[in-house]
Amino acid sequence: MSSPCKNQKHYQKYFPFFPMSLNHRAAQFAPFAALNGFAEAIAAKGIQYDLRPFLAEDQLFELNFKIKVLSQLEDKNQAIKINYFEEEDGKDKGKINELCEKISKIDFKRKRILLSNQTSIPFKNIIDIDFCK
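If you're wondering where the values come from, they're calculated on a predicted model, not measured in any experiment.

Draft legend 1. Seen up close, the overall build of the protein. If you tally the helices and strands in the protein, you get four helices and six strands. Helices (α) and strands (β) of the protein occur, in sequence order from the N terminus, as α-α-α-β-α-β-β-β-β-β. Counting only residues that meet the buried cut, the protein has 18% of its 133 residues in that class. Of the contacts made within the protein by residues no fewer than 6 positions apart, 53% connect residues no fewer than 24 positions apart. Working note: accessible area of the protein is about 11600 Å², and carbon and sulfur atoms make up 55% of it.

Draft legend 2. A look at the environment of Lys 124. Structurally, Lys 124 is set in the loop between strand 5 (120–122) and strand 6 (126–131). In this structure, the C-alpha to C-alpha distance between Lys 124 and Phe 54, residues 70 residues apart in sequence, is 9.7 Å. Here Lys 124 is in contact with Arg 52 and Glu 87, once residues within four sequence places are set aside.

Draft legend 3. Representation of the pairing of strand 4 (residues 112–115) within the structure. Only one face of strand 4 is buried: it carries Ile 113 and Leu 115, and the other face, with Arg 112 and Leu 114, is open. Sheet topology note: the strand 3 (residues 93–107)/strand 4 ladder contains four bridges and is antiparallel. By the bridge assignment, Asp 107 is partnered in strand 4 with Arg 112. Remark: four residues form the turn of the hairpin made by strand 3 and strand 4, two consecutive strands paired antiparallel; Lys 111 in that turn has positive phi of roughly 55°. Here strand 4 runs beside strand 5; their pairing, made up of three bridges, is antiparallel. Residue pairing for strand 5: Ile 113 is matched across the bridge by Ile 121.

Draft legend 4. Quick look at the state of the cysteines. With the rule as written, the count across this model stands at one disulfide. The side chain of Cys 100 participates in a disulfide bridge whose partner is Cys 132; the two sulfur atoms lie 1.5 Å from each other. Within this pair, whereas Cys 100 is found in strand 3, its partner Cys 132 is found in the segment after strand 6, the two being separated by 32 residues in sequence. Among the residues examined, Cys 100 registers a relative accessible area of 44% and is labelled partly exposed. A relative accessible area of 19% means that Cys 132 is categorised as buried.

Draft legend 5. Quick peek at the nonpolar core. Core analysis: the largest hydrophobic core is formed by 14 residues, its most contacted members being Ile 82, Ile 113, Ile 126 and Ile 129. Only helix 4 (57–71), strand 2 (79–87), strand 3, strand 4 and strand 6 provide two or more residues apiece to this core. Ignoring sequence-local partners within four residues, the contact set of Ile 129 consists of Leu 63, Lys 66, Ile 67, Leu 70, Ile 80, Lys 81, Ile 82 and Ile 113.

Here is what the cut-offs are and how they apply
Per-chain numbering applies: the sequence of each chain, read as written, is numbered from 1 onward. Only residues with pLDDT of at least 70 are given local features in this predicted model, and only at 80 or more are side-chain atom pairs given and counted; all residues enter the totals for whole chains, interfaces and linings. Side-chain numbers come from the whole structure's heavy atoms, not from hydrogens or water. Counting from the N terminus, the helices are the DSSP runs of H or I reaching at least four residues and the strands are the DSSP runs of E reaching at least two. Three exposure classes are used, based on accessible area relative to the maximum for each residue type with a 1.4 Å probe and protein chains only: buried under 20%, partly exposed in between, and exposed over 50%. Every residue pair with non-hydrogen atoms within 4.5 Å of one another is taken to be in contact. Only the protein chains shown count as cover for residues, and all accessible areas are computed by the Shrake-Rupley method using a 1.4 Å probe. Should DSSP find at least two bridges between two strands, the strands are regarded as paired. Two cysteine sulfurs form what is called a disulfide whenever their separation falls within 2.5 Å. Here the nonpolar core consists of buried residues drawn from Ala, Val, Leu, Ile, Met, Phe, Trp, Tyr and Cys, with membership extended through side-chain atoms lying within 4.5 Å.

The following block contains the structure:
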């Protein structure tokens, strides 16, 4: 007896192209960015902010006294250490920074301290001022 396979033609699969790799096949079903800027908005929500610190009345009095003393200093090369609140979009959230810089100008009309590195800090955002050591 002859085997049934000898008389039958073998079926061969015909591939006009090579099979797709697993990486390319998986990429077909990967999610797409349906909303432009959505990933950036989610990342921005994850940023940790500080809340604006509120100073007590005696702290405000001491801070005003320090600003007046600094405005009357004869040595304009004196560097100060200043802790201040940097607002995020004009809201009560942001971050607290500390700088050690020389004062360029104290502007009582605009209620700002201008530092030698071109930083302008409003009086309302200052937390503490001290001399650098």
